[in-house]
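If you want the building blocks of each chain, they are given just below.
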Amino acid sequence: MSSAPTRYAVIGNPVAHSKSPWIHARFAQQTGQDLTYEAICAPVDDFAAQVAGFFAAGGGGLNVTVPFKLQAFELARAHLSPRAMAAGAVNTLWMADGRLHGCNTDGVGLIADLRRLGARLAGARVLLAGAGGAARGILLPLIEAGCARIDIANRTAARAEELAAAFPAGQATLRGSGYADLPASGGWDLVINATASSLDDQAPPLPAGAYAPGAMAYDLMYAARPTAFLRQAVADGASATADGLGMLVGQAAESFHIWRGVRPDPAPVLAALRQLLSS
Ligand code: NAP
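Residues numbered from 1 in each chain as written. Predicted model: local features only at pLDDT ≥ 70, side-chain atom pairs only at ≥ 80, totals over all residues. Heavy atoms only, no water.

1. Section: the nonpolar core
Our working definition: We define the nonpolar core as a collection of buried residues of types Ala, Val, Leu, Ile, Met, Phe, Trp, Tyr and Cys that are connected through side-chain atoms lying within 4.5 Å of one another. Throughout, exposure labels follow a simple rule: accessible area from a 1.4 Å probe, protein chains only, divided by the maximum for the residue type, with under 20% read as buried, over 50% as exposed, and the rest as partly exposed. Numbering of helices and strands runs from the N terminus; a helix is a DSSP stretch of H or I covering at least four residues, while a strand is a stretch of E covering at least two. By definition in these notes, contact holds between two residues if any of their heavy atoms fall within 4.5 Å.
Counting 33 residues, the largest nonpolar core has L114, L128, L139, I150, I192 and Y218 as the members making the most contacts within it. Of all elements in the fold, only α5 (106–116), β6 (125–129), α6 (133–144), β7 (149–153), α7 (157–166), β9 (188–193) and β10 (211–219) reach the threshold of two or more residues within this core. Looking at this core, the element that brings in the most residues is α6, giving six residues. If we ignore the near neighbours within four places in the chain, the residues touching L139 are L128, I150, I152, L163, F167 and L174. Membership of the second largest hydrophobic core comes to 21 residues, among which are A253, V269, L273 and L277.

Shown next, in the form of structure tokens:
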């Protein structure tokens with residue numbers, strides 16, 4: 001007797017635009033895993049009940065997106081991974097031994113994509129624009145990857161200062177400020193846009209000379225065409241540019257691995273998704 005495939009989903013509101021069902025269907029096909037993956041639009045005031053109902057019905061795992069990542073963190077508070085604790089938000093939920101567990105795979109996805117792109121992280125000087133949820137989620141992985149210096153700049157300077165103070169810097173030097181108070185010397189090896197400014201086709205107000213020779217600009221947002229941040233980066237002398245599509249596929253691959261114990265190859269899925277996005 002064959003059993004029904006295990007059910008997975010991304011839960012958010014809105015969620016219809018999510019690429020996760022497309023990505024996970026390809027991961028399942030590639031690895032021969034028997035599963036389904038759908039999008040669940042949860043009422044904003046009913047997240048906890050929706051999660052409980054999903055797992056009570058035998059669901060295998062959930063990806064969590066806007067606006068529920070903080071609520072997911074609270075729900076899984078007793079069993080959070082170190083990555084989720086550092087990020088203060090959860091994008092991956094699953095049950096183990098009857099208990100809800102949470103992780104945040106965004107940072108792993110970013111680091112995997114930066115490595116794929118050949119970015120040198122050990123000893124790198126990094127400018128991180130933005131101090132919201134995404135910036136918080138990628139900060140610890142950047143520190144762990146051996147970055148030497150991370151300057152965090154944000155429109156609301158206090159949020160950047162709080163973020164810099166909240167993390168154990170390890171070998172790295174961490175500093176938070178507004179854009180106007182960034183060190184004049186500039187010359188970062190990697191500039192990451194973790195702001196939502198690209199949604200308005202705007203670039204954050206970075207100082208002139210931000211890009212050191214050979215530097216890379218990385219926008220967490222992805223689009224069919226280069227974002228305002230990436231266009232500005234080229235004009236300001238960045239040697240390489242990339243958007244966050246690879247990070248999206250990378251974080252999905254990490255969630256898949258947590259749930260299924262199998263690591264999919266993100267490269268062909270990213271290539272196909274890029275083609276889909278630009279067609
Ligand atoms: P968030 O928590 O709402 O934070 C938004 C950040 O953007 C804040 O630092 C905010 O500054 C800043 N900001 C907003 N509009 C701005 C503008 N016009 N100029 C300068 N700064 C501006 O959002 P988030 O969750 O961190 O997401 C940020 C971006 O990352 C989004 O574009 C999202 O799509 C992307 N993202 C991508 C992935 C991926 O897998 N590729 C994963 C996660 C997030 P204030 O503090 O001053 O308001």
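2. Observations regarding the site of the ligand
The condition is simple: The criterion for a residue being near a molecule or strand is simple. One of its heavy atoms has to lie within 4 Å of it. As used in this structure description, the phrase polar contact means that two N or O atoms lie within 3.5 Å; if the pair is within protein, one of them must be able to donate a hydrogen and the other to accept it, and residues adjacent in sequence are counted only when both atoms belong to side chains. Residues are grouped as follows: nonpolar covers Ala, Val, Leu, Ile, Met, Phe, Trp, Tyr, Cys and Pro; charged covers Asp, Glu, Lys and Arg; every other residue, Gly included, is treated as polar.
The environment of the ligand is made up of 20 residues, and the closest members are A134, N154, T156, R159 and L220. In this structure, G133 approaches the ligand through a main-chain N or O atom, which is 2.9 Å from an oxygen atom. At 2.7 Å, a side-chain N or O of N154 approaches an oxygen atom of the ligand. Of all elements in the fold, only α6 and α9 (245–260) reach the threshold of two or more residues within the shell around the ligand. The class makeup of the residues in the shell around the ligand is eight nonpolar, nine polar and three charged.

3. Remarks on the pairing of strand β3 (residues 61–64)
On any regular strand, side chains alternate: one points to one face of the sheet, the next to the other face. Basically, it comes down to this: A pair of strands is considered paired only if DSSP assigns at least 2 bridges between the two.
Burial along β3 is two-sided: G61 and N63 and L62 and V64, pointing in opposite directions, are all buried. Bridge analysis of strand β1 (residues 6–12) against β3 gives four bridges, and the strand direction is parallel. In the sheet register, Y8 faces β3, and the bridge partner there is G61. The sheet contact formed by β3 and strand β4 (residues 92–96) spans three bridges and is antiparallel. Across the sheet, residue L62 finds its bridge partner in β4, namely L93.

4. What about the sheet that holds β10?
Which entries qualify depends on this criterion: Fitted lines through C-alpha atoms serve as axes, helices being fitted only where they are in contact, and the angles separating the N-to-C directions of these axes extend from 0 to 180 degrees.
On the basis of which strands lie adjacent, the open sheet formed by six strands has the order β8-β7-β6-β9-β10-β11 and parallel pairing. Pairing within the sheet leaves two strands with one partner each, and these edge strands are β8 (173–177) and β11 (240–243). Pairs of neighbouring strands in the sheet enclose a mean axial angle of 15°, with direction left out of account. Contacts from α5 reach β9, β10 and β11 within the one sheet, and its direction differs from that of β10 by about 135°. Relative to β7, α6 is tilted by about 170°, and along the sheet it contacts β6, β7, β8 and β9.

5. So, the domain arrangement of the protein chain
Our working definition: Residue ranges assigned to the domains are those given by an automatic or database domain assignment. Two parts placed together each lose some accessible area under a 1.4 Å probe, and adding up what both lose gives the buried area.
By domain assignment, the protein chain separates into domain 1 (6–104 + 246–278) and domain 2 (118–243). Of note, the centres of domain 1 and domain 2, computed from C-alpha atoms alone, are 26 Å apart. Domain 1 puts nine residues into the contact, and the matching count from domain 2 is eleven residues. Overall, the association of domain 1 and domain 2 removes approximately 850 Å² of surface from exposure, summing both partners, and the carbon and sulfur fraction of that is 62%.

6. So, the sheet that holds β4
One open sheet accounts for five strands, arranged β2-β1-β3-β4-β5; its pairing is mixed. Edge positions in the sheet fall to β2 (35–41) and β5 (99–103), since each of these pairs with one other strand and no more. Across the sheet, the mean angle from the axis of one strand to that of its neighbour is 25°, orientation sign disregarded. As judged from the five bridges shared by β4 and β5, these two strands associate in the antiparallel manner. Within β5, the position partnered with A96 by the bridge is R99. Each of β1, β2 and β3 touches helix α1 (residues 20–31); the most contacted strand, β2, lies at about 175° to it.

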